[in-house]
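# Secondary and tertiary structure notes
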Amino acid sequence: MAAFLRVLALAFLAVLAGSGVGGQKKKEMVLSEKVNQLMEWASKRSVIRLNGDKFRRLIKAPPRNYSVIVMFTALQPHRQCVVCKQADEEYQILANSWRYSSAFTNRIFFAMVDFDEGSDVFQMLNMNSAPTFINFPPKGKPKKGDTYELQVRGFAAEQLARWVADRTDVNIRVIRPPNYAGPLMLGLLLAVIGGLVYLRRSNLDFLYNKTGWAFAALVSKLCCNHFVSSFLLRIPLPTFLITWPILCMHLL
Ligand SMILES: *[C@@H]1O[C@H](CO)[C@@H](O)[C@H](O)[C@H]1NC(C)=O
């Protein structure tokens, strides 16, 4: 009887140990499946789009050994979120800089949830404003600093990169696609003025022409507005509020 009990106890222990090892193995498999899935998506587009199901499976549920930066946003035109669109452009620049960087690893992924594809996620996280950036760390829930302070820091890719480095120790050098619009406009303007001066070189009276100057003032004001709106994306709001009047005052 004692021998039988001992065998039974041993068998019981073996089953316990077996399930422990099996659980560990299964966890490992789930994890590598998740990482593979994310890597596959990341190779297709630098910002992974998530709906509610994908969010729960890949970000909410353990196991995880990667950070995910998620932009919660509302990009459908009927949501009329202008800031969402501008923030999205900056976020894409950041994610692209990471994707094409030589330091790219599976330690961190960039993702987004659009309100119209995952309103359940917004509800689950009790979120009522967009855009919002949250870092989901490899272990546990996001802490206070894992929500990006958009109001304070603005949404320039460089600022986002600094926050990402703070939260995850992954340093991303932001590489912007060159913007030719500004120099092109200036070149065009100079060419037009040059052309005018050349054509009217025998008679430069038009320099005293009021309409001409009004036109020039208008054009330079438009340029200024363009400059200011592209500038807004690059600097934090307080700095912007100080610089903007100074920049445009002389043109008003
Ligand atoms: C996370 O775990 C998976 C599966 O074990 C592994 O392939 C991957 O390299 C790990 N990632 C990191 C950043 O350690």
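Residues numbered from 1 in each chain as written. Predicted model: local features only at pLDDT ≥ 70, side-chain atom pairs only at ≥ 80, totals over all residues. Heavy atoms only, no water.

If you look the chain up in an unreviewed UniProt entry, it shows as Dolichyl-diphosphooligosaccharide--protein glycosyltransferase subunit MAGT1 from Podarcis lilfordi. The record held by UniProt for the chain lists under Sequence similarities (unreviewed entry) the comment "Belongs to the OST3/OST6 family." (UniProt positions renumbered as here; feature names shortened; annotations may be inferred.)

So, about the overall build of the chain. For the chain, the helix and strand inventory stands at nine helices and four strands. When the helices and strands of the chain are placed in sequence order, the string is α-β-α-β-α-β-α-β-α-α-α-α-α. Out of the 252 residues belonging to the chain, those deemed buried represent 31%. For the chain, the proportion of contacts with a sequence separation of at least 24, taken over those separated by at least 6, is 69%. A total of about 16400 Å² of accessible surface is found on the chain, and carbon and sulfur atoms cover 64% of it. (Helix = DSSP H or I, 4+ residues; strand = E, 2+ residues; numbered from the N terminus. Buried < 20%, exposed > 50% of the residue type's maximum accessible area, 1.4 Å probe, protein only. Contact = heavy atoms within 4.5 Å. Areas by Shrake-Rupley, 256 points an atom, 1.4 Å probe, with all protein chains shown as cover.)

Glancing now at the site of the ligand. All residues in the neighbourhood of the ligand are listed as Glu28, Leu31, Ser32, Asn65, Asn106 and Arg107. At 2.3 Å, a side-chain N or O of Asn65 approaches an oxygen atom of the ligand. Between the ligand and the protein, one listed contact pairs an oxygen atom with a side-chain N or O atom of Asn106 at 3.4 Å. Summarising the interface, the protein chains cover 60% of the accessible area of the ligand, which totals 360 Å² for the free molecule. By residue class, the composition of the shell around the ligand is one nonpolar, three polar and two charged. (Near = heavy atom within 4 Å. Polar contact = N/O pair within 3.5 Å; in protein donor to acceptor, adjacent residues only side chain to side chain. Nonpolar A, V, L, I, M, F, W, Y, C, P; charged D, E, K, R; others polar.)

Evaluated as defined, the whole model comprises one disulfide. Here Cys81 is linked by a disulfide to Cys84, with a sulfur-sulfur distance of 2.0 Å. Around the S-S axis, the bridge from Cys81 to Cys84 shows a dihedral of about 75 degrees and counts as right-handed. Given the relative accessible area of 22%, Cys81 is considered partly exposed. (Disulfide = S-S within 2.5 Å.)

This part covers empty space enclosed by the protein. For the structure shown, the criterion picks out one cavity of 30 Å³ or more. Put simply, the largest cavity is a space of about 50 Å³. Residue lining of the largest cavity: Ala42, Ser46, Ile48, Ala95, Trp98, Arg99, Phe104, Ile108, Phe109 and Phe110, and that is the complete set. Elements that contribute at least two residues to the lining of the largest cavity include exactly α3 (82–99) and β3 (108–114). In the lining of the largest cavity, the residues fall into eight nonpolar, one polar and one charged. (1 Å grid on protein atoms, 1.4 Å probe; cavity = no way out; pocket = protein on both sides within 12 Å on 5 of 7 lines; lining within 4 Å. Points joined across faces, edges and corners; volume = space filled by probe spheres on them.)

Quick look at the nonpolar core now. Counting 24 residues, the largest nonpolar core has Leu94, Phe110 and Phe133 as its most contacted members. Of all the secondary structure elements, the ones that give two or more residues to this core are β2 (67–73), α3, β3 and α6 (157–168). With six residues, the single largest contributor to this core is α3. Apart from residues lying up to four places away in sequence, Phe110 is in contact with Ser46, Val47, Ile48, Ile69, Tyr91, Leu94, Ala95, Trp98 and Ile172. Counting residues in each nonpolar core, the second largest holds 22 residues, with Val35, Phe55, Leu58 and Val68 among its members. (Core = buried A, V, L, I, M, F, W, Y, C linked by side-chain atoms within 4.5 Å.)

Burial analysis of strand β4 (residues 132–136) places five of its five residues in the buried class, which makes it a mostly covered element. The side-chain alternation of β4 yields two buried faces, one formed by Thr132, Ile134 and Phe136 and the other by Phe133 and Asn135. Where β2 meets β4, five bridges bridge the pair, whose relative direction is antiparallel. Paired with Ile69 across the strands is Asn135, a residue of β4. (Pairing = 2+ DSSP bridges.)

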